[in-house]
Amino acid sequence: MRLVLLGAPGSGKGTQATRLRDHYRVPHISTGDLLRAAVKVGTPLGLQAKAVMEAGALVSDDIVLAMLEERLSQGDTGGGYVLDGYPRNLAQANSLDALLARLGQSVERAIQLDVDTELLIARIAGRAKAEGRADDNPESVRKRLQVYEEQTAPVIEFYRHQQKLTAVDGVGSMEAVFERVVEALDSRYA
Ligand code: AP5
């Protein structure tokens, strides 16, 4: 299964991707996690990305694509993967199609987690208290939501046009949302 998970910051992409990884036994590939790991280790790429991420903006397409290409070349991706946080704009959506075409693959399905803005903000505020992620402060969150509306929302149409999109209600318990996602995927793959 080659799956793209779409949704605003706080919509539950990471939460659901972890569950989908365990359920379908495919790796969870999060460009946010890859970038945060690079920042933590202090690689040249991480040093470049740090300020951009903290401000809630998008890291450059070239950097993220190179990172993703490297990750997809690893041996555990043959049976598919759950992509979380990529693509984030139309240029990335086209780059992903081109990259996968070179590998003889394509995105099979895109799931959009739908959650209203008030709840997104409440969830991120909860995580800010619990974990203190550097970009979970109110100013960065505003910026991340704006970037989502302006740059990432068009990606939903991109996959709708390819007839690969299913929108799933992302409100409810983590388990309830997971069940909806699996139902959407399994009905497609049955
Ligand atoms: P990224 O790490 O992708 O963050 P994001 O998209 O802002 O998403 P979040 O991690 O905030 O939310 P999520 O949807 O994963 O929700 P989660 O499951 O964590 O990107 C961070 C930054 O990296 C970007 O701003 C950018 O700078 C850079 N970046 C990443 N990818 C890039 C790319 N492709 N190109 C350029 N730059 C890129 O849940 C959130 C909280 O809610 C958690 O506390 C969770 O426990 C809780 N929660 C989840 N589901 C539920 C539920 N059903 N009920 C109650 N609580 C819930």
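Residues numbered from 1 in each chain as written. Predicted model: local features only at pLDDT ≥ 70, side-chain atom pairs only at ≥ 80, totals over all residues. Heavy atoms only, no water.

(A) Summary view of unusual backbone geometry. The peptide bond linking Tyr-86 to Pro-87 adopts the cis configuration, its omega dihedral lying at 0°. As for its position among the elements, Pro-87 is in the loop between strand 3 (81–84) and helix 5 (90–102). Despite not being glycine, Arg-25 has its phi angle at roughly 55°, a positive value. Tracing the backbone shows Arg-25 in the loop between helix 1 (13–24) and strand 2 (28–30). According to the relative accessible area criterion, Arg-25 is exposed, its value standing at 75%. The phi torsion at Gln-163 lies on the positive side, around 60°, for a residue other than glycine. (Helix = DSSP H or I, 4+ residues; strand = E, 2+ residues; numbered from the N terminus. Buried < 20%, exposed > 50% of the residue type's maximum accessible area, 1.4 Å probe, protein only.)

(B) Local environment of the site of the ligand. Thr-15, Ala-57, Arg-88, Arg-127 and Arg-144 are the nearest of the 29 residues found near the ligand. One nitrogen or oxygen atom from the main chain of Gly-14 is found 2.9 Å from an oxygen atom belonging to the ligand. When the ligand sits alone it has 1000 Å² of accessible area, and the protein chains cover 88% of it. Top element by residues in the shell around the ligand is helix 2 (residues 31–41). It accounts for 4 residues. Residue composition of the shell around the ligand, grouped by class: 10 nonpolar, 11 polar and 8 charged. (Near = heavy atom within 4 Å. Polar contact = N/O pair within 3.5 Å; in protein donor to acceptor, adjacent residues only side chain to side chain. Areas by Shrake-Rupley, 256 points an atom, 1.4 Å probe, with all protein chains shown as cover. Nonpolar A, V, L, I, M, F, W, Y, C, P; charged D, E, K, R; others polar.)

(C) A look at helix 2. Buried within helix 2 are the following residues: Thr-31, Gly-32, Leu-35 and Ala-38. In an axial view of helix 2, the angular spread of the buried residues amounts to 125°, which keeps them on one side of the axis. Exposed residues pointing more than 90 degrees away from the buried face of helix 2 are listed as Lys-40 and Val-41. The N-cap of helix 2, judged by a side-chain oxygen 3.4 Å from the amide nitrogen of Gly-32 a few residues on, is Ser-30. Immediately downstream of helix 2, the backbone of Gly-42 shows phi near 80°, a positive value. (Arc of directions from axis to C-beta.)

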